[in-house]
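Listed below are the residues making up each chain.
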Amino acid sequence: MWRVKTIGALLLGLLLGLAVFSPALWAADYPKKPITYIIPFNPGGQSDLEARRQQPLLEKILGVSVVITYKAGGGGSVGWTELVNSPPDGYTIAGNNIPHIILQPLQRENAGYQTADLEPVALFQTTPIGLAVLKSAPFKTLGEFIAYAKENPGAITVAGSGTYTGHHLAYLQFQKLTNTKLTYVPFTGAAPQVTAFLGGHTMAIFGNSNDLVQHKDRIRILAIGSEERFAALPEVPTFKELGLDMTPSIDRGVCVPTGTPPERIKVLEKAFLTIAKDPEIQEKMISQGFVPKALGAEEFRAYIARKTDEYIEILKELGIE
Amino acid sequence: MLENFLFAVSQILSPANLLLLITGGIGGIIVGCLPGLTATMALALLVPFTFTMEATSGLIMLGGLYVGAMFGDAIPATLINTPGTPSAIATTFDGYPLAKKGLAQQALITNAFSSLCGGVIGTIVLLTLSPPLSELGLKFGPPEYFWMAIFGLTIIGTLASDSILKGFTAGALGLLLSTVGISPIAGDVRFTLGLPSLQAGIDLMVALIGFFCIPQILEMVETGAKEYHILQYRSERGIFWKTIRELVAKPVLLIRSALIGVGIGIIPGAGGNIASLVSYNEAVRWSKHPEEFGKGTLEGIAATESANCSVVQGSLIPMLTLGIPGSPAAAVILGALLLHGMRPGRELYTTFGDITHTFILSFFLGVVVMFILTSLGSKYFARMISVPFQYLVPAIVFLSIIGSYAIRNNLLDVTIMFLFGLGGYLLRKLGFHSGPLVLGLIMGPFAEQGLVQSLLIGKASGSVLKVMFGRPLSLVLIVLSIISILWPIVSAWRTRSVKEKKKEEEEYNSVEL
Amino acid sequence: MWNSDTISALLVLGITVFGYLEAKNFSYYGGVFVSWVLLILFILGVVLLAKGLFQHKPFKFWKEGAHSWQVAGVVVILAGYILLIPWAGFLVSSAVVLSLLCLLLSPPARRRSWRGWLVSLSVGVSITLLFYVIFKYGLLVPLPPGVLFS
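Residues numbered from 1 in each chain as written. Chains lettered and ligands numbered in written order. Predicted model: local features only at pLDDT ≥ 70, side-chain atom pairs only at ≥ 80, totals over all residues. Heavy atoms only, no water.

## Looking at the domain arrangement of chain A
Residues and elements named next belong to chain A.
Now for step 1: Domain parsing of chain A yields domain 1 (21-126 + 250-317) and domain 2 (127-224).
Now for step 2: On a C-alpha basis, the centres of domain 1 and domain 2 stand 28 Å from each other.
Now for step 3: Taken residue by residue, the interface counts 17 residues in domain 1 and 15 residues in domain 2.
Now for step 4: Taken together, both faces of the contact between domain 1 and domain 2 bury some 1300 Å²; the carbon and sulfur share is 63%.
Now for step 5: Elements supplying a minimum of two residues to the side of domain 1 that touches domain 2: helix H4 (100-107), strand E4 (118-134), strand E9 (249-257), helix H10 (279-288) and helix H11 (297-317).
Now for step 6: When residues in the side of domain 1 that touches domain 2 are grouped by element, the largest group, four residues, is from H11.
Now for step 7: Tallied by class, residues from the side of domain 1 that touches domain 2 come to seven nonpolar, seven polar and three charged. (Domains from an automatic or database assignment. Contact = heavy atoms within 4.5 Å. Buried area = accessible area lost by both parts, 1.4 Å probe. Helix = DSSP H or I, 4+ residues; strand = E, 2+ residues; numbered from the N terminus. Nonpolar A, V, L, I, M, F, W, Y, C, P; charged D, E, K, R; others polar.)

Laid out in structure tokens, this is it:
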């Protein structure tokens, strides 16, 4: 058994990823040719990992090969710009990250795309954002943290990933709700952000749940942005429990260019939801520190609309936008 | 520990895994050879295939691929003066001059052997010193990144010994180019000329192909077929052992370079491109014949390749122990580990100790296998340079176009690459080199983010100066930078009076790096 | 006056001015690094200019015996190549352009013979096919098919 597997893998390896065209079993009119799956981030990032996890299953369900391509840059805007400029025929899809796709068009004069240009297909994963300090830090609870921040305005440095991103918004929201002032130090991505925080170069972090779970032995998580207590971190309170009405998170899904025929979106939606509902996949996601979700196109659209209103309000109050 | 080790040896030597290692390695060499395709991309391509394999086999194949790319990237650097990946930038400095002297095979054997040394030393460090070294990466905060970038930029003094002024100007231009796109800190949209695609900034590979490949093509055409073919590859008997003997006589160089590679690999974010340039710089500084560098010396290649191969293992140290990838390629491997249900940290050395040790040991074997493959192939690779001019040029043109397209499947990248190429050609005519410019482009993001983050942290803590200058590791880097910047100036001063006339002539006639 | 130093100095100063005009509008944290780089670039440009004014070796773009018209030909062909790809697609435009390049760089005698044309064409086509297969099927890089053929 093992042997057969290895030999099979070898053959695949020899061709180094030669496209495997598994012929469609039934002659439906979609999909008939390989689907390009744009990841608007670098290989090795979380969006990439999720896509790689889905890729073999998608190929099985859809019966065509799925080619993952990276169009990283601009916090994702390059990839989404590319998507909205490709033909809306269902053969080009892209990862869809909230709040990126909402905030970029709001904040930049010309992000290259509008939120409405991206037609949501399915949402399969949520990553709540948590606030954490090192184990060696003097703050044991969120209350102590807030008290310190009030006494020393601007003295607490918080690591986050990027500007006008989920982390940045969480920071803005936190300041507003607690009436404090912190110093936000943006880094270019989750890895450098976590490294700087673990090295003690910033005092706190607004981090993704999976990073927090991964380093939970070294850090103290003060609060997390999930709606309810988070499966992988049952002892950590949510912001809501502590009286702060915020649920900062990063959500991952897929989208297609607006104008794609609805019946093709249906096919894609069904495929992604089947994978998202797979108990094995869900279990793996939870153990890695994610919240598995399975929202279809309709719910996803409503979710984006709700979040957009929320963000516009935060930005308006701060006089940014 | 010992148990795991023995298990690992038995795993590695099983024929099936050996075959996977070789396949991965060959794939890596091909990817490394083709400018525009990086090890990171190839690793990501391979990850889904490793799902179907056992974790051990999958990791062995990934390891082989990663190592292979580090061997392969020196081949185009030597033969056509274009680095296959950013890690081979410094290989062009001496590799191509050697090839022009007809010594391409020697250059390639040097590449193979010093990569082998770097890989073996790196693996030994990875195997024995991982836990204590892993904390080192965490010590690097924003001010340290800033000073590391400054230290990196001082290398320009070495790269552009004929005109330090123009070298630094090119470096500053590179820094300016690095700021194109969305500002990493404030989110400003900078220098994009209204093109949304430019928000991503200038891709390093696009710049590399543009600044190295296109000017190279145009210079070849300018020189003409007749002159070009005077400098052809000559085969020579016994060249293999002769080269190896020459290298073995320089153990300090090889070991120092390998340790530099490991050290820089540990620092998250800093990868082979920086390591190889720093190592090259040190090689020049410690050499008894610094004037030979850049004109074709084996030492230059040895320093570069030894360092850029040991970076591979260095970058895995924080990844395996802390879950912090030291390089983009390590990030992909981390992803593969996570997808196989393994979490970095102590668990990897206890619960999954057998798999982890097999993975680490696969690097040992990987570098040996790659050494054999690339040495055997060196003769044939070197022959490629003898392909008639009118066939070689179109092939390189095509590679540069398709390579710059492959990075993001974006035609704008191809256009930028071409414009950079024309600019690079013009700049070479004016006496500028591509090396410092690309160095500026590499160091720019580290310098900018380090500076601005330090400013933010400094303001929060009450003293910017204390953050910038008051930390021990920063002070070390500052001292290193000062030494590094003064060194070439002092040594240039010393030799200048003697060679003044000759140098100026050279500067005027200089066409190559 | 027109030596390599003065020309580079003017080029650098021009870039500095362009950079400054853009950088004026950046926020503090978005512009602080750019400003420093521009300042350094400006100083370097001025020094280069000063150095250049004391030099009298005129700048010559082409060296003795340079194949200047062939270089120009390659540049034009490359530019045409990049413009052609979105229309004719990778496969067709590459085959055409590479054949042309091969012909341009062949020795003059061969450029005029039928055989030379035939060899060039086959070289162009075979290089294209070889790399096309490697990239498209081996490395899964989707290449643009072009408007005319999609």
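## Section: the pattern of salt bridges
Residue and element names in this part refer to chain B.
Now for step 1: Here the structure, examined in full by the defined rule, presents 14 salt bridges over all chains.
Now for step 2: As a salt-bridge pair, Glu219 and Arg428 come within 3.1 Å of each other at their nearest N and O atoms. Pair noted here: Glu219 is in helix H11 (residues 204-223) and Arg428 is in helix H21 (residues 411-429), with a separation of 209 residues, a long-range link. For the pair Glu219 and Arg428, a shared accessibility class is recorded, and that class is buried.
Now for step 3: Among the ionic pairs, Arg285 bridges to Glu282, the shortest N-O distance being 3.1 Å. On the criterion of helical spacing, the pair formed by Arg285 and Glu282 is a turn pair, its members being three residues apart in helix H15 (residues 272-286). (Salt bridge = Lys/Arg side-chain N within 4 Å of Asp/Glu carboxyl O. Buried < 20%, exposed > 50% of the residue type's maximum accessible area, 1.4 Å probe, protein only.)

## Structural notes on the packing of helix H6 (residues 166-178) of chain A against H11(A)
All names here are of chain A.
Now for step 1: Packing of H6 against H11 brings their axes to within 11 Å, and their N-to-C directions diverge by 65°. Crossing handedness for the pair H6 and H11: left-handed. The segment H6 lies against H11, with Leu169, Leu172, Gln173 and Lys176 engaging Glu310, Tyr311, Ile314 and Glu317.
Now for step 2: Grouping the amino acids of the contact of H6 with H11 by side-chain chemistry returns four nonpolar, one polar and three charged. (Axes fitted to C-alpha atoms, helices over the stretch in contact; angles between N-to-C directions. Left-handed = near helix turned anticlockwise from the far one by under 90°.)

## Remarks on the interface of chain B and chain C
Now for step 1: The interface of chain B with chain C comprises 66 residues on the first partner and 68 residues on the second.
Now for step 2: Approximately 5900 Å² of surface area, both sides summed, lies buried where chain B meets chain C, with 81% of it carried by carbon and sulfur atoms.
Now for step 3: Across the contact surface, chain B and chain C share one salt bridge.
Now for step 4: B:Lys166 is paired through a salt bridge with C:Asp5; the nearest N and O atoms lie 3.0 Å apart.
Now for step 5: One can count eight residue pairs in polar contact (both at pLDDT 80 or more) joining chain B with chain C.
Now for step 6: Those elements that place two or more of their residues in the side of chain B that touches chain C are helix H10 (164-178), strand E2 (189-190), H11, helix H20 (389-406), H21, helix H22 (434-461) and helix H24 (472-509) of chain B. (Polar contact = N/O pair within 3.5 Å; in protein donor to acceptor, adjacent residues only side chain to side chain.)

## Quick look at the domain arrangement of chain C
Now for step 1: Here chain C is described as being made up of domain 1 (4-53) and domain 2 (68-138).
Now for step 2: Computed from C-alpha atoms alone, the centre-to-centre distance between domain 1 of chain C and domain 2 of chain C is 40 Å.

## Concerning the packing of aromatic side chains
Now for step 1: Under the defined criterion, the tally for this structure stands at 31 aromatic pairs over all chains.
Now for step 2: Consider the rings of B:Phe191 and C:Phe26, whose centres lie 5.6 Å apart with planes at 80°: the pair is edge-to-face. Here C:Phe26 lies in the loop between helix H1 (4-23) and helix H2 (28-53) and B:Phe191 lies in the loop between E2 and H11, a pairing that spans two chains.
Now for step 3: Judged by relative accessible area, which is 13%, C:Phe26 ranks as buried. (Phe/Tyr/Trp six-rings, centres within 6.5 Å; stacked < 30°, edge-to-face > 60°.)

## Quick word on the environment of A:Pro153
Residues and elements named next belong to chain A.
Now for step 1: Mapped onto the fold, Pro153 is located in the loop between helix H5 (142-151) and strand E5 (157-161).
Now for step 2: Since its relative accessible area comes to 60%, Pro153 is described here as exposed.
Now for step 3: On a C-alpha basis, the gap between Pro153 and Thr180 in space is 6.6 Å, while along the polypeptide they are 27 residues apart.

## As for a nonpolar patch on the surface
All names here are of chain C.
Now for step 1: Where nonpolar side chains cluster on the molecular surface, the patch consists of Leu91, Val92, Val96, Leu100, Leu121, Val125 and Leu129 and spans about 530 Å² of accessible area.
Now for step 2: Of all the secondary structure elements, the ones that give two or more residues to the nonpolar patch are helix H3 (68-105) and helix H5 (114-138).
Now for step 3: Per-element accounting of the nonpolar patch gives the leading share, four residues, to H3.
Now for step 4: As for its position among the elements, Leu121 is in helix H5.
Now for step 5: Using a relative accessible area of 48% as the deciding quantity, one classes Leu121 as partly exposed. (Patch = residues over 30% accessible without salt bridge, like charges linked within 9 Å, V, L, I, M, F, W, Y side chains within 5 Å. Areas by Shrake-Rupley, 256 points an atom, 1.4 Å probe, with all protein chains shown as cover.)

## A few points about the confidence of the model for chain A
Residues and elements named next belong to chain A.
Now for step 1: Averaged over all residues, the pLDDT of chain A equals 87, while 90% of them reach at least 70.
Now for step 2: By mean pLDDT, the top-scoring element of chain A is strand E8 (residues 219-224) (96), and the lowest-scoring one is helix H1 (residues 2-14) (48).
Now for step 3: Low pLDDT, under 50, characterises residues 9-27; the stretch is placed with 32 contacts to residues that sit more than four places away or in other chains. (pLDDT = per-residue confidence, 0-100.)

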